[in-house]
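Spelled out, the chains give:
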Amino acid sequence: MTITQGETLVTEIRQLDAKGSGQAAVWRENEHGNPKKLKLTIPQTLPGEKVRVTVDRPDRRRRKAIPEEILEAHPERVVPPCPHFDRCGGCVWQHWDYTGQLKQKTDHVKQAIAAQGFAPDLVHDTIGMEQPWHYRNKMEFTFAPDGSLGLHEQGNFRKIISLESCLIAGKEMVTAAMEVANWVKDHQLKGYDKDTHEGLLRHLMVRQSFATGEMMLALFATKAPTGDLEQAVSDLTARINEKFSQVKSLLWLENTQWADRTQSEHTHVLAGRDFIYDEMAGYRFRLWFDTFFQTNPTQAQKLVELALEMGQPKETEKMIDLFCGVGTFSLPFASRVEKLAGIEIVETSIESAKRNAKDNGISNTYFLAKDARKGIDQVLESFGNPELLLLDPPRSGAGGKVMRKIGRSKPERIVYVSCNPDTFATDIKELEPFGYTLKAVQPVDLFPHTVHVECVAQLILSDESNPTA
């Protein structure tokens, strides 16, 4: 017998999946009378809880169930403070006491490296935040077809939950976003419909430097802010200038592509400049709408401090910063080594890194716009083997070919900054044949109330018998 739509069940949560939802299972007899285990995905539940659920999507391989009642609660369960938590997809763990979240993240990292044969006791306890709210310096909100502004519904990319507050974004950012939302309502503007590909407004990006206070508001729309939009756009500019002196960049970005991305074909500066200034570890950075920069400045500062501590840079050494971005790690390290080469595939990020180095009076850097695998070869040919190498790859990791190139280049010390413990573990496994020893892994929580966790790890070259794998 299969599970039917709307059926109510009682089950126990066994574990959490990669997205932070509870997992459970029920046994049913199939058409032959044999028992069959049917898996359930149950959001907003915690391991060990007994819950009554209603099956929402029985036709899927991993069936989704809606928790109707918590019959036996986890001791760390708390009341979510956000009024939108039940439906909004921005957070998944507001119902979990923060200390429990941190322990889960530590355990995740330990399990990831243990699966690759590393000792789990190399992992320190996750460094959390004293105040794990209003920590984000960048948010991307989406407009619904009716013009309301919000975030995607949990598990439903096509439905937008209209928001009146957001407890993970900076407070001033939320206030500014709500002003834009009111402006849209006052002028009865329509949002973009992903099914019909009609409508005007697609996204609102808000980013603010917690160090300088400067804010950027970037509206993504399907046409230029001219013609019949001039009066409405003029009103928006006047409202923002009057109420938000900290907005130093008000942008209108044209995006006519069907792909649901915050991209721009034409950028119109409605007020101020097309970038804002931010600071990290004592260095100043320029941020454009498409600049990648750590979204939790408080914890990102700790990442830089940990990387410096583990890297032990010396003024006589050469260093490579792989996946360097706009130079978040490059600049603090460049001030402490003889010379530094940064490699990044995104050309605009490399141009920003060069400009940021110049703005901060740093002249011993060389930045190369190339993919990591080819970029290492080019840098090693002209630069020589580094004593120190830092890498901060995307969630997909660096990959075996890149890691083996790193191993063959024989840096004495490697600092690996990761946003994905699983790909991190498989990557560093590639370094073992080259004589590298994992010394320490320090998880850092940059995204409270989500499943994500960052790590900073130290690897030391301990065996000079370096195979050419």
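Residues numbered from 1 in each chain as written. Predicted model: local features only at pLDDT ≥ 70, side-chain atom pairs only at ≥ 80, totals over all residues. Heavy atoms only, no water.

Asker: Looking at this structure, I do not really get the overall build of the protein. What am I missing?
Answerer: In terms of helices and strands, the protein carries nine helices and 22 strands. Here the protein has a C-alpha radius of gyration of 24 Å; the compact-globule value for 469 residues is 23 Å, and the two agree. Viewed in the frame of its principal axes, the protein has a C-alpha envelope of about 65 × 65 × 40 Å. Within the protein, the proportion of its 469 residues that are buried is 55%. In the protein, 65% of the contacts between residues at least 6 apart in sequence involve partners at least 24 apart. Accessible surface for the protein amounts to roughly 21,100 Å². Of this, 47% is attributable to carbon and sulfur atoms. Seen as two clouds, the 57 positive and the 64 negative side-chain charges of the protein have centres 3 Å apart. (Helix = DSSP H or I, 4+ residues; strand = E, 2+ residues; numbered from the N terminus. Rg over C-alpha atoms; globule rule 2.2 N^0.38 Å. Buried < 20%, exposed > 50% of the residue type's maximum accessible area, 1.4 Å probe, protein only. Contact = heavy atoms within 4.5 Å. Areas by Shrake-Rupley, 256 points an atom, 1.4 Å probe, with all protein chains shown as cover. Lys, Arg positive; Asp, Glu negative; His and termini not counted. Charge placed at Lys NZ, Arg CZ, Asp CG, Glu CD.)

Asker: Can you help me understand helix α2 (residues 171-186) in this one?
Answerer: Because an α-helix completes one turn every 3.6 residues, residues spaced three or four positions apart along the sequence face the same direction. Taking 1.5 Å per residue, 16 residues should reach 22 Å; α2 reaches 23 Å between its end C-alpha atoms and fits that length. Listed as buried for α2 are M173, V174, A176, A177, M178, E179, V180, A181, W183 and V184. Among the structural elements, β7 (138-143), β8 (149-153), β10 (201-208), β11 (215-221), α3 (230-243) and β12 (247-254) are those in contact with the buried residues of α2. Just beyond α2, the residue with positive phi is Q188, at close to 50 degrees. (Expected span 1.5 Å × (residues − 1).)

Asker: What exactly am I supposed to notice about the nonpolar core here?
Answerer: Soluble globular proteins: nonpolar side chains tend toward being buried together. Residues V180, W183, L201, L217, L219, W252 and F333 are the most contacted members of the largest nonpolar core, which totals 90 residues. Sorting elements by how many residues they give to this core places α2 first, with nine residues. Ignoring anything within four residues of it in the chain, the contact list for W183 reads L189, L201, L219, A232, V233, D235, L236, R239 and W252. Membership of the second largest hydrophobic core comes to 38 residues, among which are L368, L389, M403 and I406. (Core = buried A, V, L, I, M, F, W, Y, C linked by side-chain atoms within 4.5 Å.)

Asker: Explain unusual backbone geometry to me, please; I cannot follow it from the model alone.
Answerer: Among all residues save glycine, negative phi is the norm, and among peptide bonds the norm is trans. Of note, the phi angle at Q44 is positive, near 60 degrees, even though the residue is not glycine. By relative accessible area, which is 16% here, Q44 ends up buried. The backbone of H449 shows a phi angle near 75 degrees, a positive value even though the residue is not glycine. Position of H449 among the secondary structure elements: in the loop between β21 (436-444) and β22 (454-461).

Asker: What is the right way to read the packing of α2 against α3 from this model?
Answerer: Look at α2 against α3: their axes get within 11 Å of each other, and the N-to-C directions meet at 150 degrees. By the angle between their directions, the pair α2 and α3 is classed as roughly antiparallel. The handedness of the crossing between α2 and α3 comes out as right-handed. Between α2 and α3, the contacting residues are E179, V180, N182, W183 and D186 on the first element and A232, V233, D235, L236, R239, I240 and K243 on the second. (Axes fitted to C-alpha atoms, helices over the stretch in contact; angles between N-to-C directions. Parallel < 35°, antiparallel > 145°, perpendicular 65-115°, else oblique. Left-handed = near helix turned anticlockwise from the far one by under 90°.)

Asker: Got a minute to help me understand the side chain of K138 in this structure?
Answerer: Relative to the assigned elements, K138 resides in strand β7. Given a relative accessible area of 15%, K138 falls into the buried group. Side-chain polar atoms of K138 contact the side chain of E140, separated by 3.5 Å. (Polar contact = N/O pair within 3.5 Å; in protein donor to acceptor, adjacent residues only side chain to side chain.)

Asker: Would you explain the side chain of T11 in this entry?
Answerer: Along the polypeptide, T11 turns up in strand β1 (residues 8-12). With a relative accessible area of 7%, T11 lands in the buried category.

Asker: How should the packing of aromatic side chains be read in this particular structure?
Answerer: How two aromatic rings sit relative to each other is given by the distance of their centres and the angle of their planes. Inspection of the entire model under this criterion finds six aromatic pairs. Relative to W96, the ring of W93 lies with its centre 5.0 Å away and its plane at 75 degrees, an arrangement referred to as edge-to-face. The residues W93 and W96 share a single accessibility class, namely buried. A centroid spacing of 5.2 Å and a plane angle of 40 degrees characterise the contact between F275 and W288, whose relative ring orientation is tilted. Residue F275 is found in the loop between β13 (266-272) and β14 (276-280), and its partner W288 is found in the loop between β15 (283-287) and α4 (297-311); the two are separated by 13 residues along the sequence. Of the two residues examined, F275 and W288, each falls in the buried class. Each residue in the set F275, Y277 and W288 is aromatic and connected to the rest through ring pairs, giving one cluster. The ring centre of F275 lies 5.2 Å from the NZ or CZ of R273, which sits over that ring. (Phe/Tyr/Trp six-rings, centres within 6.5 Å; stacked < 30°, edge-to-face > 60°. Lys NZ or Arg CZ within 6 Å of the ring centre and 35° of its normal.)

Asker: Whenever I open this one, the sheet that holds strand β19 (residues 388-391) confuses me. Can you help?
Answerer: Consider a sheet: its strands pair through backbone hydrogen bonds, and that pairing is either parallel or antiparallel. Pairing is mixed across the open sheet formed by seven strands, whose spatial order is β18-β17-β16-β19-β20-β22-β21. The open sheet has two edge strands, β18 (365-369) and β21, and neither has a second partner. Here the strands of the sheet are splayed against their neighbours by 15 degrees on average, with no regard to which way each runs. Pairing of β21 with β22, which is carried by eight bridges, proceeds in the antiparallel orientation. Counted as the bridge partner of V441 is A457 from β22. Together, β19, β20 (413-418), β21 and β22 form the strand contacts of α4, whose direction differs from that of β22 by roughly 5 degrees. (Pairing = 2+ DSSP bridges.)

Asker: Could you clarify how one ought to interpret the pairing of β19 in this entry?
Answerer: Side chains on a regular strand alternate between the two faces of the sheet. The alternating pattern of β19 places L388 and L390 on one face and L389 and L391 on the opposite face, and all of these are buried. Relative to β19, strand β16 (residues 318-322) runs parallel, the two being bridged by four bridges. Residue pairing in the sheet places I320 in a bridge with L389 of β19. Pairing of β19 with β20, which is carried by four bridges, proceeds in the parallel orientation. By the bridge assignment, L391 is partnered in β20 with Y416. Chirality of the crossover, the property in question, places the unit of β19, helix α8 (residues 400-409) and β20 among those that are right-handed. (Right-handed = clockwise from strand over helix to strand, strands pointing away.)

Asker: So what exactly am I meant to see when it comes to a positive patch on the surface here?
Answerer: On the surface, a cluster of positive charge is contributed by K370, R373, K374 and K401. Here K370 lies in the loop between β18 and α7 (372-383). Given a relative accessible area of 31%, K370 falls into the partly exposed group. (Patch = residues over 30% accessible without salt bridge, like charges linked within 9 Å, V, L, I, M, F, W, Y side chains within 5 Å. Salt bridge = Lys/Arg side-chain N within 4 Å of Asp/Glu carboxyl O.)

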